[in-house]
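# Analysis of the macromolecular model
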Amino acid sequence: MDKALNIGRTGLISAIDIGSSKVCCFVGRTGSDGRLKVLGLGHQAAKGMRAGAIVDMEAVRTSVLAAIHGAETMAGETIHEAFVNVSAGQPVSGALNVEIPVAGNEVSRLDVERVLEEGRHRTAGTDRTVLHFIPVGYRVDAQAGVRDPRGMYGETLGADIHVVTAGAGAVRNLTTCLNACQVEVSSMVVSPYAAALATLVEDEMELGATLIDMGGGTTSIAAFINGAMVYTDAIPVGGNHVTNDIALGLSTPVSQAERIKALYGTVAAGPGDDELQIDVPILGEEDSGAINQIPRSLLVGIVRPRLEETFELVRERLESHGLGAAARRIVLTGGASQLQGMKQLAEPMLDRQVRIGRPVNFAGLAQAACGPAFSVTAGLLKYAAQRHAAEPGWVNAVSSASRGMFGRFGGWLRENF
Ligand SMILES: Nc1ncnc2c1ncn2[C@@H]1O[C@H](COP(=O)(O)OP(=O)(O)OP(=O)(O)O)[C@@H](O)[C@H]1O
Ligand SMILES: [Mg+2]
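Everything in this summary refers to the structure shown in the same document. Everything quoted here is computed from the prediction, not taken from an experiment.

### Notes on helix 6 (residues 239–250)
Spanning twelve residues, helix 6 covers 17 Å between terminal C-alpha atoms, matching the ideal 16 Å at 1.5 Å per step. Residues of helix 6 that are buried include every one of Gly239, Val242, Thr243, Asp245, Ile246, Ala247 and Leu250, and no others. Elements that come into contact with the buried residues of helix 6 comprise helix 7 (254–264), strand 15 (277–281), strand 16 (291–295) and helix 8 (296–320).

### A word on the packing of helix 8 against helix 9 (residues 342–350)
Helix packing geometry: the angle between the two helix axes and the distance between the axes. Where helix 8 contacts helix 9, the axes come no closer than 10 Å and their chain directions differ by 40 degrees. Taken together, the axes of helix 8 and helix 9 are oblique relative to one another. Considering the relative orientation of helix 8 and helix 9, their crossing is right-handed. Residue-level inspection shows Arg304, Leu307, Glu308, Phe311, Glu312, Val314 and Arg315 of helix 8 in contact with helix 9, the latter providing Met342, Leu345, Ala346, Met349 and Leu350.

### A few points about the packing of aromatic side chains
All told, the structure shown has four aromatic pairs when counted by the stated rule. When the ring of Phe26 is compared with that of Phe374, the centres are 6.3 Å apart and the planes differ by 15 degrees; the resulting orientation is stacked. Linking Phe26 in strand 2 (residues 22–30) with Phe374 in the loop between strand 19 (362–363) and helix 10 (375–390), this pair joins segments that are 348 residues apart in sequence. Phe26 sits in the buried class, given a relative accessible area of 0%. Accessibility expressed as a relative area gives 8% for Phe374, which makes it buried. An aromatic cluster is built from Phe83, Tyr193, Phe224 and Tyr383, whose rings are joined through pairwise contacts. Between Lys22 and the ring centre of Phe374, over which it is positioned, the NZ or CZ distance is 5.9 Å.

### Considerations on the site of ligand 1
Neighbouring ligand 1 are 19 residues, the closest being Ser20, Ser21, Asn240, Glu258 and Lys261. Within the contact set of ligand 1, an oxygen atom lies 2.5 Å away from a side-chain nitrogen or oxygen of Glu258. Here Gly335 contributes a backbone N or O atom positioned 2.8 Å from an oxygen atom of ligand 1. Computed on the free molecule, ligand 1 has an accessible area of 660 Å², of which 86% lies beneath the protein chains in the complex. Listing elements by their share of the shell around ligand 1, those giving two or more residues are helix 6 and helix 7. Considering every element that reaches the shell around ligand 1, the biggest residue donor is helix 6, with three residues. The residue inventory of the shell around ligand 1, partitioned by class, reads three nonpolar, 13 polar and three charged.

### Digging into the sheet that holds strand 7 (residues 92–101)
Ordered in space as 7-10-8-9, the four strands form an open sheet in which the pairing is antiparallel. The open sheet is flanked by strand 7 and strand 9 (143–146), the only strands paired with a single partner. The sheet shows a mean angle of 35 degrees between the axes of neighbouring strands, direction not considered. Two elements, strand 8 (residues 128–140) and strand 10 (residues 156–167), share eleven bridges in a ladder whose sense is antiparallel. Each residue of the ladder has a partner; that of Gly137, found in strand 10, is Asp160.

### A closer look at the pattern of salt bridges
One pass over the structure, following the stated rule, counts 21 salt bridges. A salt bridge links Arg306 to Glu309, with the shortest nitrogen-to-oxygen separation between them at 3.4 Å. One end of the pair, Arg306, and the other, Glu309, are both in helix 8, three residues apart, so they sit about a helical turn from each other. Given the relative accessible area of 37%, Glu309 is considered partly exposed. The closest approach of N and O atoms between Glu347 and Lys343, which form a salt bridge, is 3.0 Å. Residue Glu347 and its partner Lys343 are located together in helix 9, separated by four residues, close to a single helical turn. Take Glu347: its relative accessible area is 24%, and that puts it in the partly exposed class.

Basis of the calculations
- Residues numbered from 1 in each chain as written.
- Chains lettered and ligands numbered in written order.
- Predicted model: local features only at pLDDT ≥ 70, side-chain atom pairs only at ≥ 80, totals over all residues.
- Heavy atoms only, no water.
- Helix = DSSP H or I, 4+ residues; strand = E, 2+ residues; numbered from the N terminus.
- Expected span 1.5 Å × (residues − 1).
- Buried < 20%, exposed > 50% of the residue type's maximum accessible area, 1.4 Å probe, protein only.
- Contact = heavy atoms within 4.5 Å.
- Axes fitted to C-alpha atoms, helices over the stretch in contact; angles between N-to-C directions.
- Parallel < 35°, antiparallel > 145°, perpendicular 65-115°, else oblique.
- Left-handed = near helix turned anticlockwise from the far one by under 90°.
- Phe/Tyr/Trp six-rings, centres within 6.5 Å; stacked < 30°, edge-to-face > 60°.
- Lys NZ or Arg CZ within 6 Å of the ring centre and 35° of its normal.
- Near = heavy atom within 4 Å.
- Polar contact = N/O pair within 3.5 Å; in protein donor to acceptor, adjacent residues only side chain to side chain.
- Areas by Shrake-Rupley, 256 points an atom, 1.4 Å probe, with all protein chains shown as cover.
- Nonpolar A, V, L, I, M, F, W, Y, C, P; charged D, E, K, R; others polar.
- Pairing = 2+ DSSP bridges.
- Salt bridge = Lys/Arg side-chain N within 4 Å of Asp/Glu carboxyl O.

Remember, this is a structural readout, not a statement about activity or role.
Here it is in structure tokens:
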């Protein structure tokens, strides 16, 4: 998935989050103090997307162009390539265990590259594209859970690899769309992984935490143990479903349902909910100004079941993958995590400590762009900066082909040691 990076000389990095509700673009650079600085940002309502996937290429292209233009104008720079998130193509996690003989010798860097290359061969396929290839641990003979096997002695070297793949067609659609905007894709990142990079602190990743990105059309999961992402998944339910439930339940236009949700929506019933009356414009009668008055408790009764269903699905996914440790702490982010009372609902349902996450440690992020809806874009920028720091030699002049397989594994190694 990797293309040459344009950041060698200028240090400029770009990120584009194409979501179901909005397209967002950040341009940034790592400052001399080591902090990532956002120089420009643009965002635009997403047209032509459904549940994280492109359903109208031209409409998406128009939205992406507008977001890019906004970021370019603010930064005074031109974007030629960008890191992009993937929500489409049903990104799934797979576990891969590979082993090579090392004949009693000291494990060298080359051995590590060989065992990873062995894994890489096994993931080759045509209908799925590999997005992430993360060595989560090594084995030297019977000793499992080795973080860095270099310098150890044994007969065999094994690697446990977490591979994330997505449907090749969906990935190709994304690339085509960005190319049509004159932007090369530097690398693709599964959405919740990006969101986790922006919101989780190092200790959370080390000790075990699960990020849940609650977007408009999708709710996606990334679980971390010992600093590595060990599982990712996505459920095609999001905040837009809540809005639609409100529109249907209260017979009001979707735009009004969205407004009512943001202003009065909550999943935690409170005293006074029966007394608080909400004005609801009636669908088809907006011109006459006709309204219904409903108590807030009715709104809670519409909103809450959808969120309960969503957290139930998340709980099932985590349990079926045996992610007790990774779920010890849950961080909710994404636009839909802003609904009042989410922490109170999620904590007992997931039986874990829950907090709402937003981008941390970014300089230059305007107040409006440091909310949970911007976690994925901010995380993509952080991923880009980390990749640049790990592989400063990756400049424009070096084509992805000439970098070769080991060049890419080199990147993964540096990311993981
Ligand atoms: N203040 C708020 N309270 C409740 N919900 C909100 C609020 N602000 C935004 N939302 C909801 O957040 C959702 C959009 O979130 P976000 O911008 O993270 O989605 P996205 O990235 O475009 O979509 P996806 O990640 O699913 O592709 C919408 O459903 C919107 O209604
Ligand atoms: Mg999103």
